[in-house]
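Here are the chains, one letter per residue:
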Amino acid sequence: AQSVTQLDSHVSVSEGTPVLLRCNYSSSYSPSLFWYVQHPNKGLQLLLKYTSAATLVKGINGFEAEFKKSETSFHLTKPSAHMSDAAEYFCVVLGGATNKLIFGTGTLLAVQP
Amino acid sequence: GAVVSQHPSWVICKSGTSVKIECRSLDFQATTMFWYRQFPKQSLMLMATSNEGSKATYEQGVEKDKFLINHASLTLSTLTVTSAHPEDSSFYICSAQPVSYEQYFGPGTRLTVT
């Protein structure tokens with residue numbers, strides 16, 4: 001069965017510093033992986049997705065993630081954090097033949113001025 | 001493109017009453033729609049999957065008689081919380097899926113049962 005583990009429940013960075021949100025996946029075959037962002041009381045927005053093409057995936061708002069099969073990881077990064085990046089981030093895997101999305105527990109990103 | 005709306009965005013109801021939440025795909029047809037529940041500061045839990053014109057498939061532990069889902073058209077799915085109780089208070093999020101695997105999420109509906 002597919003699953004994702006987000007290694008940090010909270011991450012705090014200063015504005016202008018790099019962001020790293022960690023995600024490890026478990027899958028019996030090549031997974032489809034996503035990162036979503038959720039701002040307070042808002043719906044989820046897709047940041048980026050990996051679907052077995054290029055391992056380095058670029059998303060919106062300067063975010064990118066690298067699929068590393070050897071490490072079973074799909075960490076989300078951004079070179080320079082903005083105040084507007086403060087939100088909850090979810091790492092998600094597509095659940096095989098069911099087409100169901102399986103969500104990680106989320107990482108709350110705080111950006112300090 | 002790929003906009004999904006939910007109505008209402010926030011609803012308060014009294015215990016014992018029923019509440020209907022609508023999920024619409026505004027600029028595409030959704031063969032499949034999903035309903036999720038999110039408790040405060042927690043992740044999304046899939047409640048059910050609905051395909052247009054057929055009965056919804058509920059996840060284990062979700063009461064199908066309490067959470068009625070209707071997917072009457074390719075652009076509309078409804079979730080009715082019947083005989084709501086305070087423990088049903090939550091953030092309900094729908095997503096719509098066109099032919100491809102990608103899901104597009106609505107903004108969510110916050111339900112408060114008093």
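Quantities reported herein were computed from a predicted structural model and do not represent experimental measurements.

A. The overall build of chain A, seen in detail. From N to C terminus, chain A includes 0 helices and 12 strands. Its helices and strands taken in sequence order, chain A reads β-β-β-β-β-β-β-β-β-β-β-β from the N to the C terminus. For 113 residues, the compact-globule formula gives about 13 Å, and the C-alpha radius of gyration of chain A, at 13 Å, lands near that figure. Seen along its three principal axes, the alpha-carbon backbone of chain A occupies a region of about 45 × 30 × 20 Å. Looking at the 113 residues of chain A, the share that counts as buried comes to 44%. Considering only intrachain contacts with a sequence separation of at least 6, the fraction spanning at least 24 residues in chain A is 55%. Carbon together with sulfur atoms contributes 54% to the accessible area of chain A, which is approximately 5300 Å² in total. Charge-centre separation for chain A: the mean point of 8 positive side chains lies 9 Å from the mean point of 7 negative side chains.

B. How the structure looks around the state of the cysteines. Residue and element names in this part refer to chain A. Under the counting rule described, the total for this entry stands at 2 disulfides over all chains. Between the sulfur of Cys23 and that of Cys91 lies a disulfide, 2.0 Å long from S to S. Classification of the bridge connecting Cys23 and Cys91 rests on its S-S torsion, roughly -65 degrees, and on that basis the disulfide is left-handed. In this pair, Cys23 sits in strand β4 (residues 23-26) while Cys91 sits in strand β10 (residues 87-95), placing the two residues 68 residues apart along the sequence.

C. Spatial organisation of the environment of Gln6 of chain B. Residue and element names in this part refer to chain B. Looking at the secondary structure, you find Gln6 in strand β1 (residues 4-7). Its relative accessible area of 8% is what places Gln6 among the buried residues. Each C-alpha atom, one on Gln6 and one on Cys94, is 7.6 Å from the other, the two residues being 88 residues apart in sequence. Aside from chain neighbours lying at most four places away, what touches Gln6 is Ile21, Glu22, Cys23, Trp35, Tyr92, Ile93, Cys94, Gly106, Pro107, Gly108 and Thr109.

D. The arrangement of the interface of chain B and chain A in detail. On the chain A side, the residues contacting the 19 residues of chain B number 18 residues. Salt-bridge contacts for Lys100 of chain A lead to Glu59 of chain B; the nearest nitrogen and oxygen are separated by 2.6 Å. Linking chain B with chain A are 5 residue pairs in polar contact (both at pLDDT 80 or more). At the level of elements, β4 (32-38), β5 (44-51) and β9 (90-97) of chain B are the ones that each hand at least two residues to the side of chain B that touches chain A. Here the side of chain B that touches chain A is built from residues that sort into 9 nonpolar, 7 polar and 3 charged.

E. Broad picture of the side chain of Ser77 of chain B. Residue and element names in this part refer to chain B. Its place among the elements puts Ser77 in strand β8 (residues 76-81). Only 3.4 Å separates the side chain of Ser77 from the backbone oxygen of Asn70, close enough to count as a polar contact. Contacts of Ser77, omitting those with residues within four sequence positions, involve Ile21, Glu22, Cys23, Met33, Trp35, Ser50, Ile69, Asn70 and His71.

F. Local environment of the nonpolar core. Grouped together as the largest cluster of nonpolar side chains are 26 residues, with contacts concentrated most on Trp35, Leu48, Leu76 and Tyr89 of chain A. In terms of residue count, the dominant contributor to this core is β10 of chain A (4 residues). Setting aside chain neighbours within four positions, we find Leu76 of chain A in contact with Val19, Leu20, Leu21, Trp35, Leu47, Leu48, Phe63, Glu64, Ala65 and Tyr89 of chain A. Listed in part, the 24 residues of the second largest apolar core include Val11, Cys23, Ile69 and Leu79 of chain B.

G. Summary view of the side chain of Thr107 of chain A. All names here are of chain A. Looking at the element boundaries, Thr107 is found in strand β12 (residues 107-112). Separated by 2.5 Å, the side chain of Thr107 and the backbone oxygen of Asp8 make a polar contact. Ignoring any residue separated from it by four or fewer positions in sequence, one finds Thr107 in contact with Gln6, Asp8, Ser9, His10, Val11, Leu21, Ala87, Glu88 and Tyr89.

Calculation notes
- Residues numbered from 1 in each chain as written.
- Chains lettered and ligands numbered in written order.
- Predicted model: local features only at pLDDT ≥ 70, side-chain atom pairs only at ≥ 80, totals over all residues.
- Heavy atoms only, no water.
- Helix = DSSP H or I, 4+ residues; strand = E, 2+ residues; numbered from the N terminus.
- Rg over C-alpha atoms; globule rule 2.2 N^0.38 Å.
- Buried < 20%, exposed > 50% of the residue type's maximum accessible area, 1.4 Å probe, protein only.
- Contact = heavy atoms within 4.5 Å.
- Areas by Shrake-Rupley, 256 points an atom, 1.4 Å probe, with all protein chains shown as cover.
- Lys, Arg positive; Asp, Glu negative; His and termini not counted.
- Charge placed at Lys NZ, Arg CZ, Asp CG, Glu CD.
- Disulfide = S-S within 2.5 Å.
- Salt bridge = Lys/Arg side-chain N within 4 Å of Asp/Glu carboxyl O.
- Polar contact = N/O pair within 3.5 Å; in protein donor to acceptor, adjacent residues only side chain to side chain.
- Nonpolar A, V, L, I, M, F, W, Y, C, P; charged D, E, K, R; others polar.
- Core = buried A, V, L, I, M, F, W, Y, C linked by side-chain atoms within 4.5 Å.

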